[in-house]
Amino acid sequence: MDQRLRMASIKAASRDGREVDARLPTEFADAVTWSAWLYYADGMTQSEIAKRLQVSRATIVNYLQEARDRGIVSVHISPQASGRTAIARDLMSRFGLQGVFVIPNGEEQSLVRRLGDAGARVLADQIEDGDTIGVAWGRTVLAVAEQIVLRKPVRNVTVVQVSGSSTGEPEFSPELCTSVLSNRIHARCVNLLAPAVLSTRGLKAMLLDEPVLKKQFELIHSTNRILFGVGDIGPGSTVRGSGIASGAEMDAYVRHGAVAVIIGRFIDSQGRPIGGDHDERMVGISLDELKQVESRICVAGGPVKIAAIRATLEAGYATHFVTDVATGEALLAG
């Protein structure tokens, strides 16, 4: 940074109301932006910046975090770097994956957020002009959507909802995940205008015969990338709050060997689809259609999901996998 920049004594305020009198270059809007530049571009330490701005080191730590929260700073860790770890290589070999991103272990409470951040990096690195990106639903998928930042502008990208809308938990619904992702990357958003499950097969057939839904499914079938998570079927699972199946239907799937849910579809321990009347009434991409997508990014982790993730990977539903060290080790040990 050219220290001959014209300086001015100004009052800088951050979001939480902290104020500091500091000599800041007039080219910078506030102390948060200036601190981020000194730290990331000029390589100054936090203590050096604190002395420069005449504030405490703790204040600089808060400024730097705020810079990331506001999108002033975006830290990029290449998925290829993580893909070179021993666990990633072993997972690729074991399950025939094209790419694996393994994040370090951390607090279990923050696992969804951390997986979302990693998944966002993997997806962002893949997106190209003209892509059609299919989006499933769930807490981890939403975490990816909320944290994605593109490193370069892309054009003519479409984000499409690949499963029908649910009446359950609205905070991680298919329509929300699709809308958030499309907004973050400034892409065209196409929500699927149908419920996740209909009352009869006949009604489903009639609905899918509508011209607008035919066009939407043509778009779904043209996706070249898809983002999805893996759901377990335990008592506290996301799928039990999603509204795609009643308690009785869930119990019936369990009796038939279900261990996981992928985009609303139930699979057994070998990854084989478990059909039946309920499955026939579902609106959305099928598991066979999922396998036709060129790039299939699965983001999942956690001890309760080991069996579900293993079944998903064994059956070849994913081409790229994002997980944590503990989950990766458990998958390789099984």
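Residues numbered from 1 in each chain as written. Predicted model: local features only at pLDDT ≥ 70, side-chain atom pairs only at ≥ 80, totals over all residues. Heavy atoms only, no water.

Taking an unreviewed UniProt entry as the reference, the chain is identified by name as Sugar-binding transcriptional regulator belonging to Ollibium composti. UniProt, in its Sequence similarities (unreviewed entry) section for the chain, records the words "Belongs to the SorC transcriptional regulatory family." (UniProt positions renumbered as here; feature names shortened; annotations may be inferred.)

1. A short note on the overall build of the chain
Along the chain, the regular secondary structure elements total 15 helices and 11 strands. Taken across its 334 residues, the chain has 52% of its residues classed as buried. Taking contacts inside the chain between residues at least 6 apart in sequence as the whole, the part at least 24 apart equals 66%. (Helix = DSSP H or I, 4+ residues; strand = E, 2+ residues; numbered from the N terminus. Buried < 20%, exposed > 50% of the residue type's maximum accessible area, 1.4 Å probe, protein only. Contact = heavy atoms within 4.5 Å.)

2. Notes on helix H7 (residues 139–147)
Those residues of H7 not exposed but buried are Thr140, Val141, Leu142, Ala143, Val144 and Ala145. Where H7 is buried, its residues touch helix H6 (111–126), strand S4 (132–135), helix H8 (174–185), strand S7 (225–228) and strand S10 (295–299).

3. Observations regarding the packing of aromatic side chains
Evaluated as defined, the whole model comprises 2 aromatic pairs. Consider the rings of Tyr39 and Tyr40, whose centres lie 5.0 Å apart with planes at 90°: the pair is edge-to-face. A relative accessible area of 30% places Tyr39 in the partly exposed class. Between Tyr253 and Phe266 the ring centres are 3.8 Å apart and the planes differ by 10°, which places this aromatic pair in the stacked class. Taken together, the positions of Tyr253 in helix H11 (residues 247–255) and Phe266 in strand S9 (residues 265–267) put the pair 13 residues apart, joining distant regions of the chain. Exposure remark for Phe266: the relative accessible area of 1% places this residue in the buried category. The ring centre of Tyr317 lies 4.9 Å from the NZ or CZ of Lys291, which sits over that ring. (Phe/Tyr/Trp six-rings, centres within 6.5 Å; stacked < 30°, edge-to-face > 60°. Lys NZ or Arg CZ within 6 Å of the ring centre and 35° of its normal.)

4. A few points about the side chain of Arg310
Within the secondary structure layout, Arg310 lies in helix H14 (residues 306–314). Of the side chains with opposite charge, Glu314 lies nearest to the buried Arg310, which makes no salt bridge, at 5.2 Å. Residues contacting Arg310, with those up to four places away along its chain left out, are Phe95, Ala330, Leu331 and Gly334. (Lys, Arg positive; Asp, Glu negative; His and termini not counted. Salt bridge = Lys/Arg side-chain N within 4 Å of Asp/Glu carboxyl O.)

5. Examining the sheet that holds strand S11 (residues 320–324)
Read across the open sheet, the 7 strands follow the order S3-S11-S10-S7-S4-S5-S6; overall the sheet is parallel. Edge positions in the sheet fall to strand S3 (99–103) and strand S6 (188–190), since each of these pairs with one other strand and no more. Across this sheet, the average inter-strand angle for adjacent strands is 15°, counted without regard to direction. Sitting on the sheet, helix H10 (residues 211–221) is in contact with S4, strand S5 (158–161) and S6, with an inclination near 115° to S5. (Pairing = 2+ DSSP bridges. Axes fitted to C-alpha atoms, helices over the stretch in contact; angles between N-to-C directions.)

6. Quick look at the nonpolar core
Core analysis: the biggest nonpolar cluster contains 43 residues, and Phe228, Ile263 and Phe321 have the highest contact counts within it. Of all the secondary structure elements, the ones that give two or more residues to this core are helix H5 (86–95), S3, H10, S7, strand S8 (260–262), helix H13 (287–290), H14 and helix H15 (325–333). At 5 residues, H14 tops the list of elements feeding residues into this core. The next biggest cluster of nonpolar side chains, apart from the first, holds 42 residues, and it includes Ile127, Val135, Trp137 and Val239. (Core = buried A, V, L, I, M, F, W, Y, C linked by side-chain atoms within 4.5 Å.)

7. Considerations on H8
In this model H8 runs 17 Å from its N-terminal to its C-terminal C-alpha over 12 residues, within 8% of the 16 Å that 1.5 Å per residue would give. All buried positions along H8 are accounted for by Pro174, Cys177, Thr178, Val180, Leu181, Ser182 and Ile185. (Expected span 1.5 Å × (residues − 1).)

8. Re the pattern of salt bridges
For the structure shown, the criterion picks out 11 salt bridges. Across the pair Glu66 and Arg70 runs a salt bridge whose closest N-O atoms are separated by 3.0 Å. Glu66 gets classed as buried once you look at its relative accessible area, which sits at 5%. Accessibility expressed as a relative area gives 34% for Arg70, which makes it partly exposed. One salt bridge in this structure joins Arg225 and Asp131, with 2.6 Å as the shortest N-O distance.

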